[in-house]
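Spelled out, the chains give:
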Amino acid sequence: MRYTTEKIDDEKEILTINMGPSHPSTHGVLRVVLQLDGETIVKATPYIGYLHRGMEKIAENKTYHQFIPYTDRFDYLAPLSNNVGYALAVEKLLGIDIPPRGQYLRVMICELSRIAAHLIFIGVMAADVGAATVFFLSFQQREYLYDIFEKLSGARFTNSYTRIGGVARDIPDGWIEMVRRFLSTFPRELDDYERLLTRNRIWMERTQNVGVITGEEAKNYGLTGPNLRGSGIEWDIRKAFPYSGYENFDFEIPAGTVGDCYDRYLVRMEEIRQSVRIVEQAIKNLPDGPVNAPEPKIFLPPKQGVLTKMEELIHHFILITESFDAPDGEIYSSIEAPKGELGFYIISTGGKSPYRLRIRSPSFNNLQALPRMLEGRLYSDAVATIASLDPVLGEVDR
């Protein structure tokens, strides 16, 4: 870690150090330049861009279908959720709706993704603060979820399961039973995390009244998701602007009171329980019927039809080689991703690719508040504060 010193007067000296971009607790290639007076942070300046891949410009040079796998690489801890957010935006542009069964499947994969992402948050934040046991326990449950994702999509990590107009395929035999088995044991595991952390004296001292940001400040900085709700603002896009049938589900919006690291942890713990509740409702009320919109000029036909019928073969060939033409217009669509509001702004002038595509990623906005949370705190608080924001640099840099 490189550092420089700057003498203010005969008694005081400011030490400038780089935390990152390869520091293990910056959760990716985040660089934070800290100016320290002793162990007190005088100034914190985050630097991003080390993982920039030009995703928005890539989207303008790919067909709408071809860009789906790229969305896996935003918040790569919740790729299934990213897929749904992008597909909903394109479907809004096209003016199509998917059948109820497809909507319920999307809700299920989004909530299972939320659980998986929050499990990583719990384990990694605990490890950053020094509680290694929780890290191993939470990652074990995450692996069970990845078994579920693999059976559904064929991939554990970058799933690319959602399609514009629906999903890649209906659920395979035995998949619902896998989810039920996970849900039957997982709440007890969550209780164990609570016993290890929530009233742990060291955990409380490291997180309470650390990284505080008020509700009004959080709104002004553009925070969303658990980081906004941790400051007492009960804002959730699933309730405010329901999508994919979320209006049919009964769940609560947890919110904190202080806006510190501890509140952000508690909010995510309760969000996991609410996600379990939503998935249980989705399994119980899962409707029959098709999972994809009846749009042969937009959605790929079934493989069996492609192999046996000339019309399906032609549609398949045209969609793969030429894609579909979107109408003129501009739209914005967003979802409640695990990190917060994930939005897509699309301008179309017709054709197979967007004229412009912009991504509103929650981690990018959440990091804006980092200097406000760190300045005036001790150096050791920086690790806990960054962990409590739960940033993923894949969606910060894009």
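Report follows, based on the coordinates.

Conventions and cut-offs
- Sequence positions are assigned chain by chain, starting from 1 and proceeding in written order.
- Since the coordinates come from a predicted model, pLDDT governs what is reported: local features require at least 70, and pairs of side-chain atoms require 80 or more to be given and counted, while whole-chain, interface and lining totals use all residues.
- Heavy atoms throughout the structure, all of them, feed into the side-chain values; hydrogens and water do not.
- Only runs of H or I of at least four residues qualify as helices and only runs of E of at least two qualify as strands under DSSP, and these elements are numbered from the N terminus.
- The contact rule is simple, with two residues in contact once any of their heavy atoms fall within 4.5 Å.
- Only protein chains enter the accessibility calculation, which uses a 1.4 Å probe; a residue is then buried when its area is under 20% of its type maximum, exposed when over 50%, and partly exposed in between.
- Paired strands are those between which DSSP finds at least two bridges.
- Axes, fitted as lines to C-alpha atoms, cover a helix only where it is in contact. Angles between the N-to-C directions of the axes lie from 0 to 180 degrees.
- Angles below 35 degrees are treated as roughly parallel, those above 145 as roughly antiparallel, those between 65 and 115 as roughly perpendicular, and all remaining angles as oblique.
- For a crossing to be left-handed, the near helix must be turned anticlockwise from the far one by less than a right angle; the clockwise case is right-handed.
- When residue character is reported, Ala, Val, Leu, Ile, Met, Phe, Trp, Tyr, Cys and Pro are called nonpolar, Asp, Glu, Lys and Arg charged, and the others, Gly included, polar.
- The span expected for a helix works out to 1.5 Å for each residue beyond the first.
- Nonpolar side chains (Val, Leu, Ile, Met, Phe, Trp, Tyr) are joined into patches within 5 Å and like charges within 9 Å, using only residues with over 30% relative accessible area and no salt bridge.
- Residue exposure ignores everything except the shown protein chains as possible cover, and the areas themselves are Shrake-Rupley values with a 1.4 Å probe.
- Whenever Lys or Arg places a side-chain nitrogen within 4 Å of a carboxyl oxygen from Asp or Glu, that contact is recorded as a salt bridge.
- Only Phe, Tyr and Trp rings take part, Trp by its six-membered ring, and two of them pair if their centres are within 6.5 Å. Stacked means planes under 30 degrees apart, edge-to-face means over 60, and tilted covers everything else.
- In this scheme, Lys NZ or Arg CZ marks a charge over a ring once it lies within 6 Å of the ring centre and within 35 degrees of the ring normal.

1. Section: the environment of Leu152
Next, step 1: Topologically, Leu152 is positioned in helix H5 (residues 132-153).
Next, step 2: The contacts of Leu152, once residues within four sequence positions are left out, are Ile109, Tyr161, Arg169, Ile171, Pro172 and Trp175.

2. Here we look at the environment of Lys62
Next, step 1: Mapped onto the secondary structure, Lys62 falls in the loop between helix H1 (55-59) and helix H2 (68-71).
Next, step 2: A relative accessible area of 27% means that Lys62 is categorised as partly exposed.
Next, step 3: Through-space distance from the C-alpha of Lys62 to that of Lys352 is 8.0 Å; in sequence the pair is 290 residues apart.
Next, step 4: Discounting residues that sit within four places of it in the chain, Lys62 has contacts with Phe67, Tyr70, Lys352, Ser353 and Pro354.

3. Re the sheet that holds strand E8 (residues 340-349)
Next, step 1: What the 3 strands build is an open sheet, ordered E7-E8-E9; its pairing is antiparallel. In this open sheet, the two edge strands, each paired with only one partner strand, are strand E7 (328-337) and strand E9 (356-360). With direction set aside, neighbouring strand axes in the sheet form an average angle of 10°.
Next, step 2: Here E8 pairs with E9 via 5 bridges, running antiparallel. Looking at E9, one finds that Ile347 is bridged to Arg356.
Next, step 3: This element, helix H3 (residues 79-94), spans E7, E8 and E9 of the sheet and lies at about 150° to E7.

4. Description of the packing of H3 against helix H4 (residues 100-129)
Next, step 1: Where H3 contacts H4, the axes come no closer than 8 Å and their chain directions differ by 140°. Viewed along their axes, H3 and H4 adopt a mutual orientation that is oblique. As H3 packs across H4, the resulting crossing turns out to be left-handed. Contact with H3, carried on its side by Leu80, Ser81, Val84, Ala87, Leu88 and Glu91, involves Arg106, Ile109, Cys110 and Ser113 of H4 and no other residues of that element.
Next, step 2: Split into classes, the residues belonging to the contact of H3 with H4 amount to 6 nonpolar, 2 polar and 2 charged.

5. Observations regarding H4
Next, step 1: Between its first and last C-alpha atoms H4 spans 43 Å; for 30 residues at 1.5 Å apiece the expected length is 44 Å, and the two agree.
Next, step 2: When you tally the buried positions in H4, you get 26 out of 30 residues, the bulk of the element.
Next, step 3: Among the residues trailing H4, Gly130 stands out with phi positive, at a value near 120°.

6. Describing a nonpolar patch on the surface
Next, step 1: The grouping of Met310, Leu313, Ile314, Phe317 and Ile318 at the surface amounts to a nonpolar patch, some 480 Å² of accessible area in total.
Next, step 2: Among the structural elements, Ile314 can be located in helix H13 (residues 310-321).
Next, step 3: For Ile314, a relative accessible area of 42% gives the class partly exposed.

7. As for the packing of aromatic side chains
Next, step 1: Inspection of the entire model under this criterion finds 18 aromatic pairs.
Next, step 2: Arranged with centres 5.8 Å apart and planes meeting at 40°, the rings of Tyr146 and Phe149 form a pair that is tilted. Taken as a pair, Tyr146 and Phe149 lie in helix H5 at a separation of 3 residues, close to a single helical turn.
Next, step 3: Exposure remark for Tyr146: the relative accessible area of 5% places this residue in the buried category.
Next, step 4: The structure contains a cluster of three or more aromatic residues connected by ring pairs, namely Phe67, Tyr70, Phe74, Tyr86 and Phe344.
Next, step 5: Over the aromatic face of Tyr355 sits the side chain of Arg356, whose NZ or CZ is 4.6 Å from the ring centroid.

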